[in-house]
Amino acid sequence: MKLFNYFRSSASYRVRIALEIKGLAYDYIPVHLVRAEHRQPAFACKAGDALLPALDLDGGPTLVQSMAIIEYLDETHPQPPLLPSDALGRAHVRALAQMVACEIHPINNLRVLKHLTQTLQLSEDAKNAWYQHWTRSGLEAFERQLQLLAAERAAAGLAPSRLCWGDMPTLADCCLVPQIFNAQRFKVPLDGLPLTMAAGAAAAALPAFQRAHPSACPDAEA
C-alpha cells in the first residue's frame, strides 16, 4: 500500500495511527499541502477532491477520506479492532470520532484558513482566533460527551474508560490525538478538559501513536 499524506495533516495522521495499530506496512508518499502539491496532476488524478490522505491499495484502487479508509482497514484487517464488538459501543465511538472529523476539523482545515486570509483578507491574528474558537468549543463538546459516556458506563457497571471508550484504542482515539496536536500548534487553551486530555495523553503514549506522530514522518520539518 502507498499512503499519500502530509505530516501535519490531521486526517493523514489518523490514517497513519490506524495503519500502525494494525501493524500494516505501507510506503509513505509525502504530498506538501502548503506548497499545493495536492493540486498537481500527479496526485490530483487519484482523488476527486484532490485532498489528503489517499491510500493506494496494492495493485488495486485508491481510497480517499480518512474515516472511510480507516473503516476499510478495520474491516479487511480486523485485529486489533478499532470499533467495539457491540452495536452500542460502535455507535458511541463513531459519534466521538465524528465530533472531531465532522464538526471541528472541516472548518479549521488549511484550505478554510487560507480562504480566510487570502480571500476574505483576515489578519493572521483573526485567523488564529477563528481556529482557537471553533477548536475549543468543539473540544468542550467532546468533553461533555465523555462525561455523559462515563456516567453511562458507571450505570452499566463498566470500568471507567482510560481512552475515549474503554482501554483499547479506537477510531475515536485516532481522531482525537491529531486534533489535540494541532490545537497545541495553534495555542488553543486546553485547560478544563480533564477527560479529553487524559484520554488523549494515554493514547499518545502508545507505541503505535508515537510511530505515527508528525515528528516521526520523513517529510517532517524542523
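Residues numbered from 1 in each chain as written. Predicted model: local features only at pLDDT ≥ 70, side-chain atom pairs only at ≥ 80, totals over all residues. Heavy atoms only, no water.

## Comments concerning the overall build of the protein
Within the protein one finds 9 helices and 4 strands. Along the chain direction, N to C, the helices and strands of the protein fall in the order β-α-β-α-β-β-α-α-α-α-α-α-α. Taking 17 Å as the expected radius of gyration for a compact globule of 222 residues, we find that the protein reaches 17 Å, a close match to that expectation. Among the 222 residues that make up the protein, the fraction classed as buried is 48%. Here the analysis covers contacts within the protein between residues at least 6 apart in sequence; of these, 67% occur between residues at least 24 apart. By element, 57% of the accessible surface of the protein is carried by carbon and sulfur atoms, the whole surface being about 10,700 Å². Seen as two clouds, the 20 positive and the 21 negative side-chain charges of the protein have centres 4 Å apart. (Helix = DSSP H or I, 4+ residues; strand = E, 2+ residues; numbered from the N terminus. Rg over C-alpha atoms; globule rule 2.2 N^0.38 Å. Buried < 20%, exposed > 50% of the residue type's maximum accessible area, 1.4 Å probe, protein only. Contact = heavy atoms within 4.5 Å. Areas by Shrake-Rupley, 256 points an atom, 1.4 Å probe, with all protein chains shown as cover. Lys, Arg positive; Asp, Glu negative; His and termini not counted. Charge placed at Lys NZ, Arg CZ, Asp CG, Glu CD.)

## Focus on the UniProt feature "domain: GST N-terminal" (unreviewed entry) in the protein
Those places that UniProt annotates as "domain: GST N-terminal" (unreviewed entry) correspond, in this numbering, to residues 1-81. Here residues 1-81 runs as 35% helix and 17% strand, with 20 Å between its end C-alpha atoms. (UniProt positions renumbered as here; feature names shortened; annotations may be inferred.)

## Some thoughts on the environment of Asp 56
Looking at the element boundaries, Asp 56 is found in strand β3 (residues 54-56). For Asp 56, a relative accessible area of 12% puts it in the buried group. Taking the C-alpha atoms as reference, Asp 56 lies 31 Å from Thr 135; in sequence the two are 79 residues apart. Here Asp 56 is in contact with Met 1, Lys 2, Phe 4, Lys 46, Pro 61 and Thr 62, once residues within four sequence places are set aside. For Asp 56, the side chain forms a polar contact with the side chain of Thr 62, separated by 2.3 Å. (Polar contact = N/O pair within 3.5 Å; in protein donor to acceptor, adjacent residues only side chain to side chain.)

## Re the packing of aromatic side chains
A complete count under the given rule lists 4 aromatic pairs for this structure. Ring geometry for Trp 130 versus Trp 134: centroids 6.1 Å apart, planes at 65°, classification edge-to-face. Linking Trp 130 with Trp 134, this pair stays in helix α6 (residues 124-155), spanning 4 residues, or about one helical turn. With 4.0 Å between their ring centres and 15° between their planes, Tyr 131 and Phe 186 make a pair best called stacked. Taken together, the positions of Tyr 131 in helix α6 and Phe 186 in the loop between α7 (171-185) and α8 (194-204) put the pair 55 residues apart, joining distant regions of the chain. (Phe/Tyr/Trp six-rings, centres within 6.5 Å; stacked < 30°, edge-to-face > 60°.)

## Some remarks on the state of the cysteines
One pass over the full model with this rule turns up 0 disulfides. As a non-bridged cysteine, Cys 102 has Cys 175 as the owner of its nearest cysteine sulfur, 8.5 Å distant. Free cysteine Cys 174: the closest other cysteine sulfur is in Cys 175, separated by 6.7 Å. Assessed through its relative accessible area of 0%, Cys 174 is described here as buried. (Disulfide = S-S within 2.5 Å.)

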